[in-house]
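Architecture and fold: a report
Chain residues, written in single-letter form:
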Amino acid sequence: MQKSITKVKWFLLAALCCLLGTSTGVNAVHAEGSASYNYSFWNDTVAAPAAYEAASLLSGAQLGVGPFKNPSDIHVTADKRIYVLDSGNNRIVVLDEQFKPVKVVSSFDHGGKKDTFNNPQGIFVTERKELFVADTGNKRVVHLDADLRLLGVLEAPKSDLLQANFDFQPVRVVVDKAQRIYVMSTGVFDGFMEFNSDGAFTSFIGANRVTVDPVELFWKRMSTQAQRSQMVMFTPTEFTNLDIDDEGFIYATSGDYSNNPIKKLNAQGNDILRRTGYLSLVGDTRYSTDVGPSRLIDIDVADSEMYSVLDSKRGRIFTYSGDGHLMYIFGGLGNQLGQFNTPAAIERVGDDFLVLDKAFGEITVFRTTAYGRLLNEAVRSYYRGDEEKAFDLYQQAINMNANLEFAYSGVGKALLRKGDYKGAMHYFKESYDQANYSKAYLLYRKQVLREYFPAVMTGLIVLAAVLLLFKKLRKRMRRQGGVTIES
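Note that the coordinates shown come from a computational prediction; the quantities given were computed from them, not determined experimentally.

This part covers the overall build of the protein. Along the backbone of the protein there are nine helices and 27 strands. Per-residue burial for the protein yields a buried fraction of 46% across its 487 residues. Within the protein, contacts between residues at least 6 apart in sequence are counted, and of these 47% link residues at least 24 apart. By element, 54% of the accessible surface of the protein is carried by carbon and sulfur atoms, the whole surface being about 25300 Å².

What follows deals with the UniProt feature "repeat: NHL" (unreviewed entry) in the protein. Here, the residues flagged by UniProt with the feature "repeat: NHL" (unreviewed entry) are residues 66-98 and 105-147. The span residues 66-98 is 0% helix and 42% strand, and its two end C-alpha atoms sit 18 Å from each other.

A contiguous patch of positive charge, built from Lys-471, Lys-472, Lys-475, Arg-476, Arg-478 and Arg-479, is present on the exposed surface. For Lys-471, the location among the structural elements is in helix α9 (residues 434-481).

Considering all chains together, one arrives at 27 salt bridges under this definition. Where Lys-177 meets Glu-127, a salt bridge forms, and the shortest distance between an N and an O atom there is 3.9 Å. In this pair, Lys-177 sits in the loop between β14 (170-175) and β15 (181-185) while Glu-127 sits in the loop between β10 (122-125) and β11 (131-135), placing the two residues 50 residues apart along the sequence. Grouping residues by exposure puts Lys-177 and Glu-127 together as exposed. Among the salt bridges present, the one from Arg-348 reaches Asp-351, with a minimum N-O distance of 3.5 Å. As far as burial versus exposure is concerned, Arg-348 and Asp-351 are alike and both buried. One salt-bridge network, in which partners are shared between bridges, spans Lys-264, Arg-274, Glu-305, Asp-323 and Lys-413.

Time to look at helix α7 (residues 405-418). Given 3.6 residues to a turn, an α-helix orients residues that are three or four positions apart in the same direction. Between its first and last C-alpha atoms α7 spans 20 Å; for 14 residues at 1.5 Å apiece the expected length is 20 Å, and the two agree. In terms of burial, α7 is largely enclosed, as 12 of its 14 residues are buried. Turning to α7, its buried residues are Glu-405, Phe-406, Ala-407, Tyr-408, Ser-409, Gly-410, Val-411, Gly-412, Lys-413, Ala-414, Leu-415 and Leu-416. Downstream of α7 by a residue or two, Gly-419 has a phi angle that is positive, lying close to 95°.

For helix α6 (residues 387-400), built from 14 residues, the straight-helix expectation of 20 Å at 1.5 Å per residue is met to within 8% by its first-to-last C-alpha distance of 20 Å. Taken together, the buried positions of α6 are Glu-387, Ala-390, Leu-393, Tyr-394, Ala-397 and Ile-398. Down the axis, α6 shows its buried residues gathered within 145° of arc, on one side only. Residues of α6 that are exposed and point more than 90 degrees away from the buried face comprise Glu-388 and Asn-399.

So, how was this worked out
- Along each chain, numbering runs from 1 in the same order as the chain's sequence is written.
- Given that the model is predicted, a residue must reach a pLDDT of at least 70 before its local features are reported, and side-chain atom pairs must reach 80 or more before they are shown or counted; all residues, however, enter totals for whole chains, interfaces and linings.
- Side-chain metrics in this entry use all non-hydrogen atoms of the structure; hydrogen atoms and water are not considered.
- Under the scheme used here, helices are H or I runs from DSSP no shorter than 4 residues and strands are E runs no shorter than 2 residues, and both carry numbers assigned from the N terminus.
- Between buried and exposed lies partly exposed: a residue is buried under 20% and exposed over 50% of the maximum accessible area for its type, with that area taken using a 1.4 Å probe on protein chains only.
- We call two residues in contact when some of their heavy atoms are within 4.5 Å.
- Using the Shrake-Rupley algorithm and a 1.4 Å probe, accessible areas are obtained, with residue cover drawn only from the displayed protein chains.
- UniProt positions are given in the numbering used here, feature names are shortened, and annotations may be inferred rather than shown by experiment.
- Surface patches are defined over residues having more than 30% relative accessible area and no salt bridge, joining like charges when they lie within 9 Å and nonpolar side chains (Val, Leu, Ile, Met, Phe, Trp, Tyr) when within 5 Å.
- A carboxyl oxygen of Asp or Glu within 4 Å of a side-chain nitrogen of Lys or Arg is what we treat as a salt bridge.
- Only four residue types enter the charge count: Lys and Arg as positive, Asp and Glu as negative, with His and the chain ends excluded.
- By convention, the charge on Lys lies at NZ, on Arg at CZ, on Asp at CG and on Glu at CD.
- Multiplying 1.5 Å by the helix residue count minus one yields the expected span of that helix.
- An arc is given here, and it is the one of the directions from the helix axis to the C-beta atoms.

Structure below.
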């Protein structure tokens with residue numbers, strides 16, 4: 001009898017494990033295959049309306065500039081000029097807002113001689129239309145003015161901070177308003193290389209922290225020196241890309257899924273990215289084991305502190321608010337419009353997205369849907385301090401997608417700013433936003449106390465006065481006639 005009960009227990013346990021495994025697999029596959037989804041507070045994939053839809057596909061031949069060959073980067077200026085770095089053809093193709101060719105840059109004058117690029121990998125254009133090109137094959141950064149005249153060349157610097165055999169291979173570059181230049185170089189684990197406006201190397205900034213496996217650390221300490229020399233060194237992970245916002249903060253991505261792959265660096269190199277959302281900022285938080293976690297390879301910073309990252313594993317674009325809430329997801333790998341083979345870079349033109357496919361040599365243009373415009377404008381309204389508009393837009397977003405828990409939090413924040421603390425508590429509860437719920441609760445408690453404190457105190461004072469008067473009256477009556485008043 002006991003043996004039969006044991007068999008039943010094992011059978012039930014096995015069935016439960018299979019059920020849990022199947023459930024997890026369903027959610028992971030949903031994240032792998034669906035273009036319109038988001039994540040709930042409980043980290044489940046939930047259906048969501050499409051925020052962006054692919055509108056067109058552009059190739060070099062269609063644009064009239066000849067086929068693109070392994071394009072690696074794209075940059076859009078404030079006036080919506082589009083610079084495509086056509087790496088395989090060693091040129092820069094400049095387009096206007098309507099995707100009409102403006103010019104093609106394939107060479108420049110260098111000391112009276114014609115000079116060309118060699119497999120350039122990164123491009124940045126300043127407000128003054130000056131070009132900075134990470135000319136990787138030539139191991140330099142080329143600085144051109146708006147008229148494509150050479151202003152300077154950054155080559156391998158000499159510094160005590162660098163090893164004697166340092167190999168300078170710049171692959172990405174950004175420039176702040178003070179003309180400080182930040183370069184991402186292959187094989188550099190100390191962060192981004194910072195150059196001053198004169199082109200002199202000054203320091204490294206924002207190195208990733210070393211991730212240590214406790215088991216490997218234990219075996220390293222137990223091993224001999226000869227054995228340790230054969231083991232993998234504990235080194236920081238390299239960054240995969242960077243962008244810079246109007247205030248000079250650097251947004252960066254790295255390939256380390258477990259160690260905050262998205263960062264916002266200040267001038268000291270400290271990570272100040274807000275992570276108050278209910279999800280980790282890692283791209284897909286659920287994934288199948290055969291594909292693995294997201295690998296973020298590019299980042300684009302928009303206005304109102306919104307930013308988007310590109311996942312090369314699944315071709316997804318993830319957009320977050322400045323507080324760290326996942327707003328929407330779109331894209332994917334495949335052969336259909338809106339899917340990619342080898343996504344390499346993303347940029348915005350207004351509210352539209354451009355995604356560069358390196359293998360296909362194409363640019364996919366994504367345009368917002370009504371749902372996407374609603375979310376973008378809701379975040380912008382809240383960022384500007386327009387609580388009334390933010391409240392209305394978040395309410396509309398909830399009507400379109402009841403699963404969007406961060407929208408409930410957005411309504412709560414709008415009400416919090418308006419002083420409706422009780423209403424804010426309701427929406428923070430709906431969105432499981434415990435931190436803001438506590439804040440709203442404290443403010444609501446103070447509000448209630450302020451509202452009822454005068455009445456309560458007045459009542460207490462009146463009651464005390466009546467009691468005092470009663471006692472005095474009682475004593476007087478006793479003195480006058482010896483009358484006893486029973487209490």
